Amino acid sequence: NIGNKQQPAIRVGFFQLFRFATCKDVVMMVVGGVCAVLHGSAQPLMLLVFGLLTDTFIEYDIELNELSDDRKECVNNTIQWKRNYTAPILDIEYEMTLFAFYYTGIGAAVFLLGYFQISLWVTSAARQVQLIRKMYFSKVMRMEIGWFDCTSVGELNTRLSDDINKINDAIADQVAIFVQRFTTFVCGFCVGFVKGWKLTLVIIAASPLIGVGAGLMFVARLTGMELQAYAKAGAVADEVLTSIRTVAAFSGEKKEVQRYDRNLVSAQRWGIRKGLIMGFFTGYIWMIIFLCYGLAFWYGSTLVVDTEEYTPGTLLQVFFGVLIAAMNLGQASPCLEAFAAGRGAATIIFETIDREPEIDCFSEAGYKLDKVKGDIEFHNVTFHYPSRPEVKILDQLSVAVKTGETTAFVGPSGAGKSTAIQLIQRFYDPKEGMVTLDGHDIRGLNIQWLRSLIGIVEQEPVLFATTIAENIRYGRPGVTMEDIVKAAKEANAYNFIMDLPQKFDTLVGEGGGQMSGGQKQRIAIARALVRNPRILLLDMATSALDNESEAIVQEALDKVRLGRTTISIAHRLSTIKNADVIVGFEHGRAVERGKHNELLERKGVYFTLVTLQSQGDKALNEKARQIQKPSDFCRASIRQRSRSQLSNLVPESSVPINTIPDDEDEEPIEPAPVARILKYNLPEWPYMLFGSIGAAINGGVNPVYSLLFSQILATFSITDPVTQRREIDGICVFFVLVGIISFFTQMLQGYAFSKSGELLTRRLRRLGFHSMLGQEIGWFDDHRNSPGALTTRLATDASQVQGATGSQIGMIVNSLTNIGVAVIMSFYFSWKLTMLILCFLPFIALSGGFQASMLTGFAKQDKQAMETAGRISGEALNNIRTIAGLGKERNFVEMYEAQLDAPYQAALKKANVYGACYGFAQCVVFLTNSASYRFGGYLVKQEGLHFSLVFRVISAIVTSGTALGRASSYTPDYAKAKISAARFFQLLDRVPQISIYSDKGHKWDNFQGNIEFIDCKFTYPTRPDIQVLNGLNVAVKPGQTLAFVGSSGCGKSTSVQLLERFYDPDHGRVLIDGHDSTHVNVPFLRSKIGIVSQEPILFDCSIAENIKYGDNSREISMNEVISAAKKAQLHDFVMSLPEKYDTNVGAQGSQLSRGQKQRIAIARAIIRDPKILLLDEATSALDTESEKTVQEALDKAREGRTCIVIAHRLSTIQNSDIIAVMSRGLLIEKGTHDQLMALNGAYYKLVTTGAPIS
């Protein structure tokens, strides 16, 4: 346990991963393990055969040599002759046939063992993983809602797919392969020590050097230094993209691109360094290997030739035994990573499986009352959400809801209305106090039974992706079709359902996407009614609808409320007026209750809501006569809330806005043509040329090795000791040479390609960033282009692209020279044998590639199989509240388990295929050897081929074949690179709708600042269903101040954004000095506008630099900065700071107070010397004192400029030339303060009640 203490992340021991194994699984794993051990010992076994084979060849050759010598001297030396006839020459063909059988036998055994070892382990893992999935999902569905608040749905989905796959990887084939490789490692050393301990020790002495190299290389590869080096540039990109509106307003794009480029240098330097280090270590490892070869053969040959302790065969057995052992130990290490990953993943999953839910919806405990009246009462309930314990949502709430009455909860967002409803459903338990039903604490009641009494209709009703009838049936198990029809009729849904072609069998689509809002609502109401509930909860049930559907849904609700306890949360008066009791909420307390008229007299919360709302409604109704279907987006002062509590902590996945683009999310992208990628890499051609030369030499190393190796064998059959010694020394020196050359060429290859790749990456990052900043603002609203997504795109996509150029070319050149040299060499020495082996080459290459891809595992295919199950789990987890409310957790668990069957069957099938492939890949080499040595023996005998050539040809082609296979497996990067490049080019090729970098468009000299909005209509591109401006008409003359007032969401800020040309209106025009804004040059227009927004965005640099940001078109002197600061009432405060104007403001200006930030922003706007000044709630976020100072600064800044003010505080607006009151994208009143007061309209009401206009 001591080891586990330091890493709290992994709290699961390796053998605990198998805690869900049945006896059958254990048996399978044991048998598989035994097979793996036997398989592991096969390679060392083959070495024994190989040693004997070599000895046979050499013996034969020596005899041949003696014979040929004897012929010369046979005249006098008859005895020799006689002796020779008596010792018949070795029958090499017969011997080779025998060896061929050995090889084939071992090959067949390997095939079977490999098959069983893999398929048994994979099968047992599949069974266990299926069990884990079932247990995990059913446990998750049992968890209380509070647990879901603290765990994001996305995370749970990844855990269900990726993390469980990781466990699968850790308990499946990897274990078997690890056992096999480890056995090979042990057996290899055993062979070495048994056959020749001296040589083994010598080789072992050198092996730590290889280990050190490999270990260091691993470290060098894994350190995220590049990413850290990129972090600085990444921070710049992130900062710029998050504050893109500010950058655009002050046209700082070009400046930012340069700043980004400056920061890319360090990332580039690290990338090149990494390439060099990698090259160095690869070269180092190759060099050490060749030096080891040299040493082993030199020392081994002394043992063979001088002391005659070993036969040449023994030398090979020992040498290859140790080599194979070392290699297998290296290959076993990736398995350990898989085990660690699996244990890490299992930690969280097993903890969840072992966790007991606080509110267990599957439990049978608790009372079920015989008769339910339906009196609900809150007694001093205090509550905060588990995900945000610091915020009190309900504070000593006491409310009584009487049976059969309709109670309406009203109040501003976040006052705790929805929370109260969730406590009634017992999604949460209150921290203090209690909720009672008919006097019983609901914690004592059975959960499923309690929830079955309650029908709930939410603001955004969740429908499941099935038919309408099924959706209604979710309300209560076992309802008849008559009940469904009856409920549909009550919910006013029957008629529209019957109009659909498939009637009740119509599919509603993912999340109900095929239905309109009103239709979804009515289906949800029918689903609530079919339960025949005692208690009906309506959470803003009609707020998301347009007027027409609202009326219909409202009528349906009024029908069904009779005789039930109903609690309705609403913001629209029409829905609340006829409630029996209205309860006003504020700050988690019920502050008032009574009927509509009583509450109006109290002039409290309710009154404020009512006044604001009736005003906007009037204006809209007049407009509605001209427009067919207005969208009521900004409903009353209270912005559409609901879900506000949740949406802060869980990204809502069922909000319809996002579901539409999600389908096209991954648009199929054509991989980019390599030619185009190379075009961007053109300037680096010298690097690529040198890199390719290095790669070519590296490719030639493998065949050269086999040449030397066979040369050594040939020396053993030389009878003259002196020449023999000389040959051997020469060859060993040659080994050393090859090692040193390969060290330098590997370094050259690594450095050259990393240099060209990094330069390409930097160029692409700069271009990509440049074109991102050139896009129109609407493009950034798309959730796919959120700053996070864009920064990762810059960080990862750009660096992946280099996988398609440099290193890829290196890889190809390397493999080609490798194969080319090997084949040419082999043909030169013996074309017949080469032809035979070439038949096996494709299989060998396949097996090499297969082994390499096996390490990466078969995860991809599993993913597809898991998709349907994933869809069910995703739907269930996203809509857990709805499911809990309907008490349908069990159904979903059953559906999920049913879906798991297909992937499970697929996994079993895969186990067999995979096992067979693995067995085949392992035995191919044995078969090749068996065939080629047999044929080699024939050639040696019949055609007098020298035996060393047999070895030369075989080893050359077999090694290059496996190398080829490995190389082919390094190409996944390549495909990834092409896709990344395509994504990048898509960005580079996109033509923005509002072009920033172009010189097109009007510019004129005497810019006046005359602004006119003519009948502007506008919707945000990401929310096409919500009309923000509905035909806005307003004009400002030069030097005038225009103030916009109105509730939030009525389009005040939008009109400012149209003026800045962040967007263009869909309909109507914005005229500036009589020019249509769409024809004005964008940088020119923006250079005339200064903007101070509510939350001013500052950049992470000094105060002076932030002020200079106001005008990026010229160098600004310090005097100008100071005079601007004085105008903005900022100078004195800056001089009091220790570093004065060089003070760093921190990220997003976090080092300063709000008032200070505001004044810097004002100074920044003043330094532009703009003709038009836009103040978007510039003082609303300040306290009274700083407001005064800032207000003074603003009044100074306004002199002689056209000014548009958006404000909520009346004090800021009173002295404007024109005050425009807006509601729902329309102008309802305009005039000066006095004129509007005289009108007695909306403005008057706001001023007199003193209600904040929010």
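All values derive from a computational prediction rather than experimental measurement.

Enquirer: Residues and numbers for the overall build of the chain, please.
Expert: Regarding its fold elements, the chain presents 49 helices and 20 strands. Sequence separation of 24 or more characterises 82% of the internal contacts of the chain that already satisfy a separation of 6 or more.

Enquirer: Account for the nonpolar core, with residues named and values stated.
Expert: Of all hydrophobic cores here, the largest spans 96 residues; its most connected members are Leu17, Met141, Ile167, Phe350, Phe378 and Leu437. The element best represented in this core is helix H5 (residues 92–142), accounting for ten residues. In this structure, Phe378 is in contact with Leu397, Ser398, Val399, Ala420, Leu423, Ile424, Met434 and Val435, ignoring residues within four places of it in sequence. In this structure, Val257, Leu264, Ala981 and Leu1058 belong to the second largest nonpolar core, which totals 71 residues.

Enquirer: Please set out the pairing of strand E6 (residues 454–457) residue by residue, giving values where relevant.
Expert: Side chains Ile454 and Ile456 project from E6 onto one buried face, and the interleaved Gly455 and Val457 project onto a second face that is buried too. The sheet contact formed by E6 and strand E7 (residues 535–539) spans four bridges and is parallel. Bridging across to E7, Ile456 finds its partner in Leu537.

Enquirer: How would you summarise the sheet that holds strand E13 (residues 1041–1046) if you had to cite specific residues and measurements?
Expert: Strands in a sheet are paired, the pairing made by backbone hydrogen bonds, and the direction either parallel or antiparallel. Spatially, six strands are ordered E16-E17-E18-E13-E19-E20 in an open sheet, and the strand pairing comes out mixed. Only two strands of the sheet have a single partner each, and these edge strands are strand E16 (1089–1092) and strand E20 (1226–1231). Strand after strand, the sheet turns through a mean of 20° between neighbouring axes, direction not considered. Relative to strand E18 (residues 1202–1206), strand E17 (residues 1172–1176) is paired through five bridges, and the arrangement is parallel. Residue pairing across strands places Leu1175 opposite Val1205, the latter belonging to E18. Contacting E13, E16, E17, E18 and strand E19 (1218–1223), helix H40 (residues 1052–1059) crosses the sheet at an angle of about 150° to E18. Of the strands in this sheet, E16 and E17 are in contact with helix H45 (residues 1154–1167), which crosses E16 at around 180°.

Enquirer: Account for the environment of Val704, with residues named and values stated.
Expert: Mapping Val704 onto the fold places it in helix H27 (residues 685–716). Between the C-alpha atom of Val704 and that of Val821, which follows or precedes it by 117 residues, the distance is 8.6 Å.

Enquirer: If you had to explain the packing of H5 against helix H36 (residues 889–899) to someone new, which residues and values would you point to?
Expert: Between two packed helices, what matters for the description is the angle formed by their axes and the separation of those axes. Relative orientation of the contacting elements H5 and H36 amounts to 160°, with a least axis distance of 10 Å. Taken together, H5 and H36 sit at an angle that is classed as roughly antiparallel. Where H5 crosses over H36, the handedness of that crossing is right-handed. Along its contact with H5, which presents Arg133, Lys134, Phe137, Ser138 and Met141, the element H36 presents Glu889, Phe892, Val893, Tyr896 and Glu897. Across the contact of H5 with H36, the residue classes tally to five nonpolar, one polar and four charged.

Enquirer: I'd like to hear about the sheet that holds strand E3 (residues 406–410), residue by residue, with values.
Expert: A sheet is described by the order of its strands in space; here six strands give the open sequence E6-E7-E8-E3-E9-E10, paired in mixed fashion. A single partner strand is all that each edge strand has here, and the edge strands are E6 and strand E10 (589–594). Averaged over all neighbouring strand pairs, the angle between strand axes comes to 20°, with direction disregarded. In this structure, strand E9 (residues 581–586) lies alongside E10, joined through five bridges in antiparallel fashion. Bridged to Ile582 within E10 is Gly594.

Enquirer: Describe unusual backbone geometry, naming the residues involved and giving the relevant values.
Expert: Residues other than glycine predominantly adopt negative phi, and peptide bonds predominantly adopt the trans conformation. The phi torsion at Asp438 lies on the positive side, around 50°, for a residue other than glycine. Relative to the helices and strands, Asp438 is located in the loop between strand E4 (432–437) and strand E5 (440–441). Residue Asp1015 is not a glycine yet carries a positive backbone phi of 50°. Summarising the element assignment, Asp1015 is placed in strand E11 (residues 1011–1019).

Enquirer: Please give an account of the packing of aromatic side chains that cites residues and values.
Expert: In total, this model carries 45 aromatic pairs according to the counting rule given. Here Phe290 and Phe735 contribute two aromatic rings whose centre-to-centre distance is 6.2 Å and whose plane-to-plane angle is 35°, an arrangement assigned as tilted. One end of the pair, Phe290, is in helix H12 (residues 253–306); the other, Phe735, is in helix H28 (residues 721–773), with 445 residues separating them in the sequence. Ring geometry for Phe947 versus Phe951: centroids 6.2 Å apart, planes at 90°, classification edge-to-face. A residue pair is termed a helical-turn pair when its members lie 3 or 4 positions apart in one helix, as Phe947 and Phe951 do in helix H38 (residues 947–969) at four residues.

Conventions we followed
- Residues numbered from 1 in each chain as written.
- Predicted model: local features only at pLDDT ≥ 70, side-chain atom pairs only at ≥ 80, totals over all residues.
- Heavy atoms only, no water.
- Helix = DSSP H or I, 4+ residues; strand = E, 2+ residues; numbered from the N terminus.
- Contact = heavy atoms within 4.5 Å.
- Core = buried A, V, L, I, M, F, W, Y, C linked by side-chain atoms within 4.5 Å.
- Buried < 20%, exposed > 50% of the residue type's maximum accessible area, 1.4 Å probe, protein only.
- Pairing = 2+ DSSP bridges.
- Axes fitted to C-alpha atoms, helices over the stretch in contact; angles between N-to-C directions.
- Parallel < 35°, antiparallel > 145°, perpendicular 65-115°, else oblique.
- Left-handed = near helix turned anticlockwise from the far one by under 90°.
- Nonpolar A, V, L, I, M, F, W, Y, C, P; charged D, E, K, R; others polar.
- Phe/Tyr/Trp six-rings, centres within 6.5 Å; stacked < 30°, edge-to-face > 60°.

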